[in-house]
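# Chain and residue survey
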Amino acid sequence: MCGIVGALAQRDVSSILLEGLRRLEYRGYDSAGLAIINQQKLERFRALGKVQQLTDRVPLDQAGKIGIAHTRWATHGKPSETNAHPHFSRDRIAVVHNGIIENYREIRENLLAAGYEFASETDTEVIAHLIESYYEDDLYAAVKQAVDQLRGAFSLGIIATGDSPALVACRRGSPLVVGVGIHENFIASDVSALLPVTNRFVYLDEGDFVVLNAEGYALYDSAGKPKELEITVSERTGDSTFKGNYRHFMQKEIHEQARAITDCLVGRIDTTTVLDSIFGSESEAVFTQLQNIQIVACGTSYHAGLVAKYWIEAILGISCQVEVASEFRYRKTVVPKHTLFVTLSQSGETADTLAALRNLSSDNYCGSLSICNVPESPLVRESSLVLMTRAGPEIGVASTKAFTTQLVSMLLLVISIGKLRNLNESRIASIVRELIELPRQIEQLLRLDAQIELIAEDFIDKQHALFLGRGEHYPIAMEGALKLKEISYIHAEAYPAGELKHGPLALVDSEMPVIVVTPNDELLEKLQSNMQEVKARGGKLYVFAHQGAKLDQSGDDVVVEMDCETSWVTPILSTIPLQLLSYHVAVLRGTDIDQPRNLAKSVTVE
Ligand code: AGP
């Protein structure tokens, strides 16, 4: 969602800000803008569309040593140049904002009555005017007074004209980091924006303010008390945000999965088991007493949770519920005693998932575990146990390597719990062996790329597609459908294959491609019957068949043979060809693969 970058330096900052925005493009946005103070005057550039369009408008020699910039993902007011940030008040104050101001209507009424004029339809503009109404010569004091009146989850970056230039920022429910340079400092909603200028970061706590000025930076807590925070040196390099030889980030990330899974496993397993305490020193006590697991997540991460439920119940015999965070957070729940609360999230900053964690009130929870890809993200910082997926930065909005590493992490969780609860050692060793083999098998499946690229041609003009699966392959079918609709804009639905005749079969005709993954397991026969039901209605089947899965094939069926045996890791393997299919269909349809329309990478608002 919206991205913020800000800089105060001894050099001109417009190119730093534009590069920062370019690196935040993956978060998803519809317009971009930048404001700079040049010779005591605010100057602003905004553009609807891509950061490149904004860059084209900013003169190469644009002067100004303090500025803020923003990529906007519309919430209040349509995507347009006038709604794009930064928003100004009386040419003295400029504001960029990530998040939502819930009480903006009443503030707007008061400001209108006080004579302020509004140029946009956004909730953000009230912040600019409100700060202006308090601003004399201390920008921090004015921001603090204004922020104390705002309700919602947000982060802000503010600059103002005046005698002593300063940039003030605050974090209330939306992430913000301070980049610490040498005689120059920065802010951003994500470290990746600042990697070309620094690798030293201060992660603000909830409610914190930061003031950047000529002397350096100063931190204040939500009550306005000065505070200090440690500087973290990031090991990330700027290179991870480049595509290399790949055409799209999504393609690169699909092909990085063997490496990502290896990284996820390194130092966590030996040849027969999972090492102790990989979920943290307190995990042993929690895992020994837990009697139930509640998983909460959104989107692709939710699908990982659904697969994990099959593993947890089948391997451990422990009950497990999985729910999308936006539902869970507002529901009155019955929490069984000794429930472990697990969040799955690539970004670690998804608003609904975070709110679900923050709202936990029952004493029946014995701990909270975050499986996450972004260190220092709010979910990681606020959970009692943590396992990083180590997928590396995922830039494509469509989640790929984050999903498969989440699944690997969930298997590590199953084994870690099992170890403490007398799970048979040879069973543990056999799952570990499967995990060790996984990267090699994924490399092998990636060789299907060319074959799947050809199959993708069948989908160019399709409007709809159905994905079928049974057992733990039902969530994989859901993930396949989500990937296809997300990046190719083809309407796709997933069903448990047994549900077909309870409704969706009515949709099947020669125009409806039906995609099925067929593991060679005890449900294969049942799945075959469902496939026959499709064929009898003239539907065309696209089958991803595992080794040994004997099919009643007919000439029309498209069958891709997958060189993999059925095992616990099969759902992870089955994901690969579905990712490739969506990717190639989207390439052929010419969509914006890495930044699909209307979507954001980090969903930091409800
Ligand atoms: C995945 O392809 C999606 N872009 C989306 O569903 C995503 O998984 C969801 O928004 C959850 O994000 P998170 O994993 O960062 O919490």
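This text goes with the structure placed above it.
Below is a summary of the structure that appears in this document. (Residues numbered from 1 in each chain as written. Predicted model: local features only at pLDDT ≥ 70, side-chain atom pairs only at ≥ 80, totals over all residues. Heavy atoms only, no water.)

Buried residues dominate strand β19 (residues 365-372), accounting for eight of its eight residues. Here seven bridges tie strand β18 (residues 339-345) to β19, and the two strands are oriented parallel to one another. Directly across from T343, in β19, lies its bridge partner S370. The β-α-β motif built from β18, the intervening helix α11 (residues 351-358) and the parallel element β19 has right-handed crossover chirality. The pairing of β19 with strand β20 (residues 385-388) spans four bridges and is classified as parallel. Looking at the pairing, S370 lines up with V386 of β20. (Buried < 20%, exposed > 50% of the residue type's maximum accessible area, 1.4 Å probe, protein only. Helix = DSSP H or I, 4+ residues; strand = E, 2+ residues; numbered from the N terminus. Pairing = 2+ DSSP bridges. Right-handed = clockwise from strand over helix to strand, strands pointing away.)

What follows concerns the sheet that holds β19. Spatially, β17-β16-β18-β19-β20 is the arrangement adopted by the five strands of the open sheet, whose pairing is parallel. Single-partner strands in this sheet number two, and they are β17 (319-324) and β20. The sheet shows a mean angle of 20° between the axes of neighbouring strands, taken without regard to direction. Sheet contacts for helix α9 (residues 299-316): β16 (292-297), β17 and β18; angle to β17, the most-contacted strand, approximately 170°. (Axes fitted to C-alpha atoms, helices over the stretch in contact; angles between N-to-C directions. Contact = heavy atoms within 4.5 Å.)

Turning to the nonpolar core, a few remarks are in order. Of all hydrophobic cores here, the largest spans 93 residues; its most connected members are I293, I295, W311, I312, M410, F467 and I572. Residues contacting I312, with those up to four places away along its chain left out, are I293, I295, G317, I318, C320, M410 and V414. Judged by nonpolar contacts, the second largest core, of 31 residues, contains Y140, A142, V147 and Y220. (Core = buried A, V, L, I, M, F, W, Y, C linked by side-chain atoms within 4.5 Å.)

In this section: the packing of helix α4 (residues 124-134) against helix α5 (residues 139-147). Following both chains from N to C, one finds α4 and α5 inclined at 125°, their axes separated by 8 Å at the closest point. Compared by their axis directions, α4 and α5 come out oblique. For the crossing formed where α4 meets α5, the hand is right-handed. Taking contact as the criterion, the partners of L130, I131 and Y134 in α4 are, on α5, L139, A142, V143, Q145 and A146. Taken together, the residues of the contact of α4 with α5 sort by class into seven nonpolar, one polar and no charged. (Parallel < 35°, antiparallel > 145°, perpendicular 65-115°, else oblique. Left-handed = near helix turned anticlockwise from the far one by under 90°. Nonpolar A, V, L, I, M, F, W, Y, C, P; charged D, E, K, R; others polar.)

Looking now at the environment of S384. Along the chain, S384 falls in the loop between α12 (378-382) and β20. On the accessibility criterion, S384 (41% relative accessible area) is partly exposed. Those residues in contact with S384 that lie beyond four places of it in its chain are G367 and S368.

Here we take up the pattern of salt bridges. Tallying each qualifying case throughout the model produces 32 salt bridges. For D205, the salt bridge goes to K227, with nearest N and O atoms at 3.0 Å. Of this pair, D205 sits in the loop between β11 (200-203) and β12 (209-213) while K227 sits in strand β14 (residues 226-227), placing them 22 residues apart in sequence. Note that K401 is salt-bridged to E256, the shortest N-O span being 2.7 Å. In this pair, K401 sits in helix α13 (residues 401-419) while E256 sits in the loop between α6 (249-255) and α7 (257-265), placing the two residues 145 residues apart along the sequence. Judged by its relative accessible area of 16%, E256 falls in the buried class. Taken together, the salt bridges that share partners define one network made up of K252, E256, R259, D263 and K401. (Salt bridge = Lys/Arg side-chain N within 4 Å of Asp/Glu carboxyl O.)

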